[in-house]
Structures are given as structure tokens and as C-alpha cells.
Amino acid sequence: MNTRNLRFRSNRVRDIVSLFHEELDSMYGSGEVGVFLDMLFEAFLGWDKVRLLTSKEQTIDQSDLLRFHWALEDLKQHRPIQHIIGYSDFCGCHIKVSPDVLIPRPETEEIVNWVITHLSSINIHHCLDLCTGSGCIPIALKKAFPTAEVTAVDISPAALEIALENAKNNGADIRFMQTDVLNGVDGLSGSYGLIVSNPPYVMEKERAQMQRNVLDYDPALALFVPDDDPLRFYKAIANIAKEHLTEDGLLVVEINEALAEETSALLKFYGFLPKVYTDFRGKARWISATR
Ligand code: GLN
């Protein structure tokens, strides 16, 4: 394929940037397309934002141009940028992603940052993450609390394979276990000062309001719960926390903003003192609970 077939006017950076904006701004908005371009130039060429800004007249190799061509086609099909480049940044950690794991969300990053700030003065010895997916949460926790023993659980062997690789690549020593949280977790060792979870919480009836990039590319297993039992994971998590959270420990769960009151009431029912927190978008997004 040469540039003529590729629709780019030339191999010049300026022309690549222009074509991306021409073809994608109406779908994503110009600001977001700018973010995609930053991420693609970083992933494909190792360029930072400043290099991109100051290299508009430079030309790139044909093989690299081809990668931009396919990235553009993929973005038109709503393929998430993280799947195109193969990774996501989470709390400063490089996290590999695939269709087997939920792409880490900025809301979750906000929660983990809150946990890290909130607990920095307290000595955390054991942390547990339930429904770990890519492993982004336990990896960020292990980085923040290097002396803590961190355990992470997921039902999906394919997700755990990615989580394990991510832990290795980030130099984070984490104990992974493959278990369905809904059936309780056997083999947990003692008590945890911190139990966290971002379990599936999207109700089937909410599908209609969801974006194609989520519906077509994120694993349904990590997202959906039945309409008639949307808090099933929180019941299981509360049962595990009742048994395994230390007396002064903290339970932190990401929640569905439409179910903040119900989730709070459920945790109270299980004997916890919950507090709801709002994320940077102004939505009720997590609950932190003590005994
Ligand atoms: N916040 C995610 C979304 O909007 C859902 C995460 C989850 O179900 N745990 O797609």
C-alpha cells in the first residue's frame, strides 16, 4: 500500500493529524481526537506531546503510516484507543488490556488515588481486591504500599493471565486466585485492613444508554448484572468483608450511581457504616465503609 491508497495526503505528521481530525472530530470531538493522537504517537513512535507539537513537518516511515491508517479505521469502528495501542495508564502504571479485561476507567483511578491518600498514614499489612480484571487496582495498591501483602481474585482465567503479566511487568508481587466471588472465596489468609472491589454493576436494562465502544469491546462478564438482582456482588463482597476485614479496616467499593442508596442500605444491613463519595463527573461513584 502506498500513500495514495491510504488517503493521507503525504507521510508528513501535519497531514496525519489533519486527516484524523477531518474524519473523527464529528464522532469524538476535537479535544478527544487530540488525546488519541497523543497516545498513538507515543505508542507507535515513542514521541511525547511536545515532540508531536514541534515535529509537524517531519515525515514518518511507510510502515508507521500504515499503523496510523489502521488506527484511524479502528477508531471509526468505535474500537477503544486502549485496545488499539494495547495498554492503558492507571495511576502511573502501564497496564496491558485486551477484550478479556475491562479497560481501567478514570473513575476507578480516582477511587484508588483516594484510597492511597486516605490510607497513607495508616499501616496497611494486607489488601484484598475482588473482581480484579486487568489487575490495575492491586498493582497500584502494591506500588503505594510496597510492604503490604496484596491478594487479588477474579473468576476469569483469561483476565488473570493478563493481570499476572501486568503484575510482573510492573514489578508488583501479588497473589492471584481464580474464584467466583459469588460463591465466597476459600483460601483467604486471615484478615485484611483494606478490601476493595470494582465488581460488575451495570443493569441489563441500562444497556440501551451505553456507548458502542463499551458494549462491543469490554467483556460483558465484567459489566452486567441481572435487573432483578443488581447488588448480587455487593452481597457477596459484604459477606467476605464481614469475615475478613480487620476491626479497623476499610471496605471500598465502586458503585452504580443509580444504586448508591440501595448499595449503602445493603452495607448497613450487613453491619457496616457506609459513606458515599462522588466522582469528578459529579456522580455517586464509590462507598467506603467501616465496621
Ligand atoms: N464504570 C463502568 C462502565 O461505565 C462499569 C464498571 C463495572 O461494571 N464495574 O462501563
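Refer to the preceding data block for the structure.
Right, let's walk through the structure included here. (Residues numbered from 1 in each chain as written. Predicted model: local features only at pLDDT ≥ 70, side-chain atom pairs only at ≥ 80, totals over all residues. Heavy atoms only, no water.)

1. As for the nonpolar core
- Grouped together as the largest cluster of nonpolar side chains are 40 residues, with contacts concentrated most on L130, V181 and L251.
- Counting residues per element, this core draws most heavily on helix α12 (residues 232-244), which supplies seven residues.
- With residues up to four places along the chain from it excluded, the contact list for L130 reads V153, V181, V185, I195, V196, S197, N198, I237 and I240.
- In terms of nonpolar packing, the next biggest core, distinct from the first, is built from 36 residues, F90, C93, C136 and F176 among them. (Core = buried A, V, L, I, M, F, W, Y, C linked by side-chain atoms within 4.5 Å. Buried < 20%, exposed > 50% of the residue type's maximum accessible area, 1.4 Å probe, protein only. Helix = DSSP H or I, 4+ residues; strand = E, 2+ residues; numbered from the N terminus. Contact = heavy atoms within 4.5 Å.)

2. Description of the layout of surface pockets
- Quantified by volume, the largest pocket comes out at close to 1600 Å³.
- Along the walls of the largest pocket sit 48 residues, with R105, P106, E107, V214 and R281 positioned nearest its centre.
- Of all elements in the fold, only α2 (13-28), α3 (30-45), α6 (81-85), β1 (87-90), α7 (106-119), α10 (212-217) and α11 (220-223) reach the threshold of two or more residues within the lining of the largest pocket.
- For the lining of the largest pocket, the element with the most residues is α3, which contributes five residues.
- Among the residues making up the lining of the largest pocket, the classes are represented as 24 nonpolar, nine polar and 15 charged.
- When its volume is computed, the second largest pocket comes out at roughly 470 Å³.
- Listing elements by their share of the lining of the second largest pocket, those giving two or more residues are α8 (136-144), β4 (149-154), α11, β8 (224-225) and α12.
- A total of three residues in the lining of the second largest pocket trace back to one element, the largest contributor, which is α11.
- In terms of residue class, the lining of the second largest pocket is made up of 21 nonpolar, seven polar and five charged. (1 Å grid on protein atoms, 1.4 Å probe; cavity = no way out; pocket = protein on both sides within 12 Å on 5 of 7 lines; lining within 4 Å. Points joined across faces, edges and corners; volume = space filled by probe spheres on them. Nonpolar A, V, L, I, M, F, W, Y, C, P; charged D, E, K, R; others polar.)

3. What to know about the site of the ligand
- Neighbouring residues of the ligand: L102, R105, N198, P199, P200, Y201, V202, V214, A222, L223 and E254.
- The contact in question runs from an oxygen atom of the ligand to an N or O atom on the side chain of R105, over 2.8 Å.
- Contacts to the ligand include L223, whose backbone N or O atom sits 3.5 Å from an oxygen atom.
- When the free accessible area of the ligand is taken as 300 Å², the share hidden by the protein chains comes to 85%.
- Among the detected pockets, the ligand sits in the largest pocket.
- Its residues placed into classes, the shell around the ligand shows eight nonpolar, one polar and two charged. (Near = heavy atom within 4 Å. Polar contact = N/O pair within 3.5 Å; in protein donor to acceptor, adjacent residues only side chain to side chain. Areas by Shrake-Rupley, 256 points an atom, 1.4 Å probe, with all protein chains shown as cover. Sits in = over half its atoms within 2 Å of the grid points.)

4. As for the pattern of salt bridges
- Here the structure, examined in full by the defined rule, presents 21 salt bridges.
- Salt-bridge contacts for E23 lead to R7; the nearest nitrogen and oxygen are separated by 2.5 Å. With E23 in helix α2 and R7 in the loop between α1 (3-6) and α2, the pair connects residues that are 16 residues apart, well separated along the chain.
- Between E257 and R285 there is a salt bridge, and its shortest N-O distance comes to 2.9 Å. Taken together, the residues E257 in the loop between β9 (245-254) and α13 (260-269) and R285 in strand β11 (residues 284-290) connect sequence positions 28 residues apart.
- On the accessibility criterion, E257 (33% relative accessible area) is partly exposed. (Salt bridge = Lys/Arg side-chain N within 4 Å of Asp/Glu carboxyl O.)

5. Observations regarding the sheet that holds strand β10 (residues 273-278)
- On the basis of which strands lie adjacent, the open sheet formed by seven strands has the order β5-β4-β3-β6-β9-β11-β10 and mixed pairing. Among the strands making up the open sheet, the edge pair consists of β5 (174-178) and β10. Direction aside, neighbouring strands of the sheet carry axes that sit 15 degrees apart on average.
- Pairing between strand β3 (residues 126-130) and strand β6 (residues 192-197): four bridges, direction parallel. (Pairing = 2+ DSSP bridges. Axes fitted to C-alpha atoms, helices over the stretch in contact; angles between N-to-C directions.)

6. Considering the side chain of T263
- Within the secondary structure layout, T263 lies in helix α13.
- Discounting chain neighbours no more than four positions away, the residues touching T263 are L231, Y234, I255 and I287.

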